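Residue-level listing of the chains:
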Amino acid sequence: MCGIVGYVGNKQALSVVVEGLRRLEYRGYDSAGVAVVNNKKLDVRKKAGKLTNLETLLGNDPLPDSTIAIGHTRWATHGIPNDANAHPHTDVSNEIAVIHNGIIENFSELRAELQKAGVKLSSDTDTEVVAHLLNFEYPKSNNDLAESMRRVVRKLRGAFTLVAVHAQQPDVVVGARRNSPLVVGRGNGENFLASDVAAFISHTKNAIELGQDQVVELRHDKVTITDFEGKPAVTKEFVVDWDAKAAEKGGFDLFMLKEIFEQPKAVAETLVGRLSENGKLVLEEMTLSIGEIANIEKIVFVACGTAFHSGMIGKYAMERWSRIPCEVELASEFRYRDPILNQRTLVVAISQSGETMDTLMAIRHAKSQGARVLAICNTQGATIPRESDAVLYTRGGPEIAVASTKAFLTQVVAVELLSLYFAELRLDKPTTEIKQVMNELANISHQIDVVLDTTDAVKELAKKYMNAQSVLFIGRHVGFPVALEGALKLKELAYMHAEGFAAGELKHGPIALIEDGIPVVVIVPSVRLEKELHEKVVSNIQEVRARGARTILIVEEGDDSIIEFADHIIRIPQTSSLLQPLVATVPLQVFSCALATLKGHDVDQPRNLAKSVTVE
Ligand code: M6R
């Protein structure tokens, strides 16, 4: 949830760290803080609110020059977002500074022990205890900060990334990782630590994934990684495959808008090289063997939020193409209901960040029950793909805005690809049939471009509904997850009451919400391909109109049968039914973004949220 940066090298450390924090601010923006070491003295500045508050503070109360620094942006868990609870936290000697991402579950016990020993704590956070514990362990570890960290983390329960510096060690940054992300960036005469490669990508693309339960000691010319016991650790180096520009706004006012407009490219990238010359699907990194795929009896998609909606589409696609029975489950519910899993179950975890704690815990549970796990993920080196048996990467590039847009579309592409692949291998589907869908997918980028041409019209529509109290979204078949996604976007960005329903469910309760003037967005299925479904949706539209609703219809080109039922029409290109979400979701993203902008909200960093939810 929080963003962490550490630096030691030959540059002005503070600028490197603040620049890194800017790129990580999407992970949390309740407060920000930095610590530097200069002349064997530790200095900290921290401030509640967004990074800009910290920058103002640094302007008024500058820090001394330094070549070593750590920095943090916070998404609050323990303690309200005020200055005192902002990171870094320091020990009583004011020589150690610590930043943290995650939750230390046994912090109350540790806090009580420290208080008993006479330590006066100055914040409500779980993090501060680590600073004091490091202070206790430091002399016992021969003044070795990395060894002190190993001793401390062995006492902690929960999920954490911790990074610390000590005033007496001006060339050492120490990090520790359990269940929370931490990546090392290897530079020339400088090294970096961060929650995400975005923080250091403008300095180096050479990175090392830190594994579970590892401690890293960073010096300007050396990186040493051990396990929590101090034994040398096995690590994996990789080269980041996108550049710094990808994490910048590129002329757009908002990351979200930029990412909406990047969708044609993101979808196209996710499709590159997936079809061989002989018409067979190629999912290179998806290392499940033919035997393993043949063995699958049931697939369970697990994910959270937007990724859950792509899992719902995955169920439709997988059952349609491969005929393997599927379930879709919210990752946060999965392990608590004791699901029935065995070696013949494939759990497909979908996650943009690859770090969502609920999803991570779900796959760990699945593995403990003998299930195979496949990750659909956008982030190289993240924990979820690393702990899965196989992975299918979406190639959306960095998604910075908190609201998921291009990640969703690329996830939909990935579940379609996976479904077709399993169909090819298990059912011996004729290549012509698969080729036809692949051809259609190849054209989808262009079709998304066409939808993006409606952006101005959708923005105008948003103006009309700026004061709506509530907006409902309805759809059937894959239109249902699209409706859920439309409602989620509106809630998280415009802070408006919004609900998504399966259109057929309206009459079982939600229709009571319909009152005069309420906007209802309807995802209309194709009249060419889904005549029966189309008729049912038309009936649902009439039901809500009869009760005073204003209808905003998302309808494919050429469907004129619907015009008389529409207060507003947004046209989308004709696609096959299972691919319709790839075009139908786009105007809903624009609608929410526009409404949030009109209301003056911070679209990229909506209140109370963080991009990557690394706590349960
Ligand atoms: O990184 P993940 O895909 O695992 O994240 C899952 C959800 O937290 C995420 O999709 C969230 O719902 C989005 N912010 C919604 O726009």
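The numbers attached to residues start from 1 for each chain and follow its sequence in the written order. This being a predicted model, a pLDDT of at least 70 is required before a residue's local features are given, and a value of 80 or more before pairs of side-chain atoms are given or counted; all residues contribute to the totals for chains, interfaces and linings. With hydrogens and water excluded, all non-hydrogen atoms of the structure serve as input to the side-chain values.

What to know about the packing of aromatic side chains
Each Phe, Tyr or Trp ring (for Trp, its six-membered ring) is paired with any other whose centre lies within 6.5 Å, and the angle between the two planes then decides the class: stacked below 30 degrees, edge-to-face above 60, tilted in between. Taken as a whole, this structure holds 5 aromatic pairs when the rule is applied. Note on Tyr 7 and Phe 192: the rings are 5.1 Å apart at their centroids and 55° apart in plane angle, and the pair reads as tilted. You can see Tyr 7 sitting in strand E1 (residues 3–8) and its partner Phe 192 sitting in strand E10 (residues 191–194), a full 185 residues away along the chain. A single burial state applies to Tyr 7 and to Phe 192, both of which are buried. Taking the centre distance of 5.6 Å and the plane angle of 35° together, the rings of Phe 252 and Phe 261 count as tilted. When a residue's accessible area, from a 1.4 Å probe over protein chains only, is under 20% of the maximum for its type it is buried; when over 50% it is exposed; and in between it is partly exposed. Residue classification places Phe 252 among the partly exposed residues on the basis of a relative accessible area of 30%. Look at Phe 261 and you get partly exposed, because its relative accessible area is 32%. In textbook terms, an aromatic cluster arises when at least three aromatic residues are bridged by ring pairs, as seen for Tyr 7, Phe 192 and Phe 200. It is Lys 50 that lies over the ring of Tyr 29; its NZ or CZ is 5.1 Å from the centre. Remark: a charge is flagged as sitting over a ring if the NZ atom of Lys or the CZ atom of Arg is within 6 Å of the ring centre and within 35 degrees of the ring normal. One Lys or Arg, Arg 607, reaches over the ring of Tyr 495 and ends 3.9 Å from the middle of that ring. Only DSSP runs of H or I reaching four residues or more are called helices, and only runs of E reaching two or more are called strands; each is numbered from the N terminus.

Examining the site of the ligand
Nearness of a residue to a molecule or strand requires only that one of the residue's heavy atoms be within 4 Å of it. Taken together, 14 residues lie near the ligand, and Ser 351, Gln 352, Ser 353, Thr 356 and Glu 492 sit nearest. Ser 351 places a polar side-chain atom, nitrogen or oxygen, 2.6 Å from an oxygen atom of the ligand. A 3.5 Å cut-off defines polar contacts: any pair of N or O atoms within that distance qualifies, except that in protein one atom must be a possible hydrogen donor and the other a possible acceptor, and neighbouring residues in sequence count only when both atoms are side-chain atoms. Between the ligand and Gln 352, the relevant distance is 2.6 Å, taken from an oxygen atom to a main-chain nitrogen or oxygen of the residue. Note on areas: Shrake-Rupley with a 1.4 Å probe; residue coverage comes only from the protein chains shown. Protein chains shield 91% of the accessible area of the ligand, which is 410 Å² for the free molecule.

Considering the environment of Ala 375
Among the secondary structure elements, Ala 375 is positioned in strand E18 (residues 372–377). Accessibility expressed as a relative area gives 0% for Ala 375, which makes it buried. Between the C-alpha atoms of Ala 375 and Ala 32, which are 343 residues apart in sequence, the distance is 32 Å. When sequence neighbours within four positions are dropped, the list of residues in contact with Ala 375 reads Ala 349, Ile 384, Pro 385, Ser 388, Ala 390, Val 391 and Leu 392. The contact criterion used throughout is that any non-hydrogen atoms of two residues lie within 4.5 Å.

As for unusual backbone geometry
The omega torsion across His 87 and Pro 88 is 0°, close enough to zero to call that bond cis. Located in the positive-phi region is His 477, a residue other than glycine, with phi close to 55°. Here His 477 is to be found in the loop between strand E20 (470–475) and helix H16 (479–494).

Side note on the domain arrangement of the protein
Domain extents, as shown, originate in an automatic or database domain assignment. By domain assignment, the protein separates into domain 1 (3–247), domain 2 (255–442) and domain 3 (456–598). One C-alpha centre belongs to domain 1, the other to domain 2; they are set 33 Å apart. Between domain 1 and domain 2, the contact holds 18 residues from the first and 14 residues from the second. Summed over both partners, the interface of domain 1 with domain 2 buries about 1,300 Å², with 53% contributed by carbon and sulfur atoms. Defined in terms of a 1.4 Å probe, buried area is the accessible area two parts forfeit on being brought together, summed over both. Among the residues of domain 1 in contact with domain 2, Tyr 26, Asn 179 and Glu 209 are the three that bury the most area, contributing 35% of the side total. Salt bridge, as applied in this entry: a Lys or Arg side-chain nitrogen positioned within 4 Å of an Asp or Glu carboxyl oxygen. Residue Glu 209 is joined to Arg 386 by a salt bridge in which the shortest nitrogen-to-oxygen separation is 3.1 Å.

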